[in-house]
Amino acid sequence: MRVLLIEPDSALADALDRAAVLEGVTLDRSSGEAEALGRLRRTAYDAVVTSPRTTLEHDLPLAEEMRWIRPGVKVILLAPEPTPEEVISALRAHVFACFGMPLEVGELADMIRRAVEAEDWRDGIQVVSAQPDWVSVRVSCRVLTADRLVTFLSELRPDLADEDRDDMLVAFREVLLNAMEHGGRFDPGQVVEVSAVRTARTQVFYVRDPGPGFARDRLEHAAVSNPPHDPTAHLERRAELGLRPGGFGLLVARQVVDEMIYSELGNEVLLIKHTD
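Calculation criteria
Throughout this document, residue positions are counted from 1 along each chain, in the order its sequence is written. The model is predicted, so local features are restricted to residues of pLDDT at least 70 and side-chain atom pairs to those at 80 or more, both for listing and for counting; the totals for chains, interfaces and linings are taken over all residues. Water and hydrogen atoms were dropped before computing side-chain values, which therefore reflect all heavy atoms in the structure. Each residue carries a pLDDT score, the predictor's own confidence in it, on a scale running from 0 to 100. Contacts between residues were defined by any pair of non-hydrogen atoms, one from each residue, lying within 4.5 Å. Think of each axis as a best-fit line through the C-alpha atoms, taken over the contacting stretch in the case of a helix, with angles from 0 to 180 degrees between the N-to-C directions. Here a strand is any run of E in DSSP of at least two residues, a helix any run of H or I of at least four, and the numbering for each starts at the N terminus. Angular relationships are summarised with four words: roughly parallel below 35 degrees, roughly antiparallel beyond 145, roughly perpendicular across 65 to 115, and oblique for the angles in between. Amino acids are sorted into nonpolar (Ala, Val, Leu, Ile, Met, Phe, Trp, Tyr, Cys and Pro), charged (Asp, Glu, Lys and Arg) and polar (every other residue, Gly among them). Candidates for patches are residues over 30% relative accessible area with no salt bridge; among them, like charges are joined within 9 Å and nonpolar side chains (Val, Leu, Ile, Met, Phe, Trp, Tyr) within 5 Å. With residues, only the protein chains shown are counted as cover, and all accessible areas are computed by Shrake-Rupley using a 1.4 Å probe. For this analysis, a salt bridge means a side-chain nitrogen from Lys or Arg found within 4 Å of a carboxyl oxygen belonging to Asp or Glu. The positive count covers Lys and Arg only, the negative count covers Asp and Glu only, and His and the chain ends enter neither. To locate a charge, the coordinates of NZ of Lys, CZ of Arg, CG of Asp or CD of Glu are taken. Partly exposed residues are those whose accessible area sits between 20% and 50% of the maximum for their type, while under 20% is buried and over 50% is exposed, using a 1.4 Å probe and protein chains only. Paired strands, as defined in this entry, are two strands with at least two bridges between them according to DSSP.

Some remarks on the confidence of the model for the protein
For the protein, per-residue confidence averages 87 on the pLDDT scale, and residues scoring 70 or more make up 85% of the total. Every residue in residues 221–226 scores below 50 in pLDDT, and together they form 22 contacts with partners more than four places removed in sequence or on other chains.

In structure tokens:
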């Protein structure tokens, strides 16, 4: 497994070298884009991380050229201050992920590890329509796709307070994974429809899964249905059903957002966070 870093900040590159999650991954450093393209022609890199000094607008044509040389390479874009328009362009261009600066080295290291191991990822996020205040996508039912989408959405709303944005994305990820698991059975061939809408006073997420829905009074597998005297009762039921460990998603989401509204069938949900 081999990754190329273009013009990396020395502190960032050194931190990635020390990241335990990247054990077994060779991190090569390139002094510039021309050298990076030459290296790609000679070496089959699994992923490339662009310079944190250049904008997404600058890097997108570079990403296209790198994929022309190595069609299977995953590109992770770094940028000083990504604009919503640039993030949308990155989504449309099927880059693997993008991060604005400053960033959490651990999050970048984890995404690099997932990039070098990923297969059949390219069509995981399909943009239906997008503008800065309203983005609609279709996503394949894979945990990797959910985490990639959360990363993009985090960069899409730099104007929100960090706490509001982080809380909302935690709730959104939990509901999205719930939709992928119960509606799509984590089948990559199934898709979940997602819209992220920003109004003057709210952040809204809409999630629609491909399943038949559910009765909200029959959620024995979810922590939200546990009796007060037994907060882990759902874990046994999840084991019986062969579900992944967890089941706290709906409970977490309800505690974070201001409103959580389900459709009659239960396969559509609105998450609403007031930001004024």
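Having seen the structure, we can now continue with the description.
What to know about the packing of helix H4 (residues 84–92) against helix H6 (residues 143–156)
Axis separation between H4 and H6 bottoms out at 8 Å; the angle between their running directions is 160 degrees. Classed by the angle they form, the pair H4 and H6 counts as roughly antiparallel. Contact residues: Pro84, Val87, Ile88, Ala90 and Leu91 in H4; Phe152, Glu155 and Leu156 in H6. Of the residues assigned to the contact of H4 with H6, the class counts are 7 nonpolar, no polar and 1 charged.

Focus: a negative patch on the surface
Negative charge collects at one region of the surface, where Glu104, Glu107, Asp110, Glu163 and Asp166 lie side by side. Breaking the negative patch down by element, the ones donating at least two residues are helix H5 (105–117) and helix H7 (162–183). Accessibility expressed as a relative area gives 53% for Glu104, which makes it exposed.

Structural notes on the sheet that holds strand S1 (residues 2–6)
In space, the 5 strands of this open sheet follow the order S2-S1-S3-S4-S5, with parallel pairing throughout. Both outer strands of the open sheet, strand S2 (26–30) and strand S5 (97–100), are each paired with one neighbouring strand and no more. Averaged over all pairs of adjacent strands, the angle between their axes in this sheet comes to 20 degrees, without regard to strand direction. The sheet contact formed by S1 and S2 spans 5 bridges and is parallel. Directly across from Val3, in S2, lies its bridge partner Leu27. Here helix H3 (residues 56–69) sits on the sheet and contacts S1, strand S3 (47–49), strand S4 (74–79) and S5; the angle it forms with S4, its principal contact strand, is near 165 degrees.

Focus: unusual backbone geometry
Going from Met101 to Pro102, the amide bond is cis rather than trans, its omega being -5 degrees. By the secondary structure assignment, Pro102 is in the loop between S5 and H5. Despite not being glycine, Glu7 shows a phi value in the positive range, around 45 degrees. By the element assignment, Glu7 lies in the loop between S1 and helix H1 (10–18). If you check the backbone angles, Asp120 has positive phi at about 50 degrees while not being a glycine. Mapped onto the elements of the fold, Asp120 is located in the loop between H5 and strand S6 (125–131). Take Asp120: its relative accessible area is 76%, and that puts it in the exposed class.

Things to note about the sheet that holds S6
Spatially, the 6 strands line up as an open sheet ordered S6-S7-S8-S9-S11-S10, and their pairing is antiparallel. Edge positions in the sheet fall to S6 and strand S10 (259–262), since each of these pairs with one other strand and no more. In this sheet, adjacent strand axes meet at a mean angle of 15 degrees when their direction is disregarded. Pairing of strand S7 (residues 134–140) with strand S8 (residues 191–198) involves 7 bridges; the strand directions are antiparallel. Looking across to S8, one finds that Val137 is bridged to Val194. Packing against the sheet, H6 makes contact with S6, S7, S8 and strand S9 (202–208), and its axis sits at approximately 165 degrees to S7.

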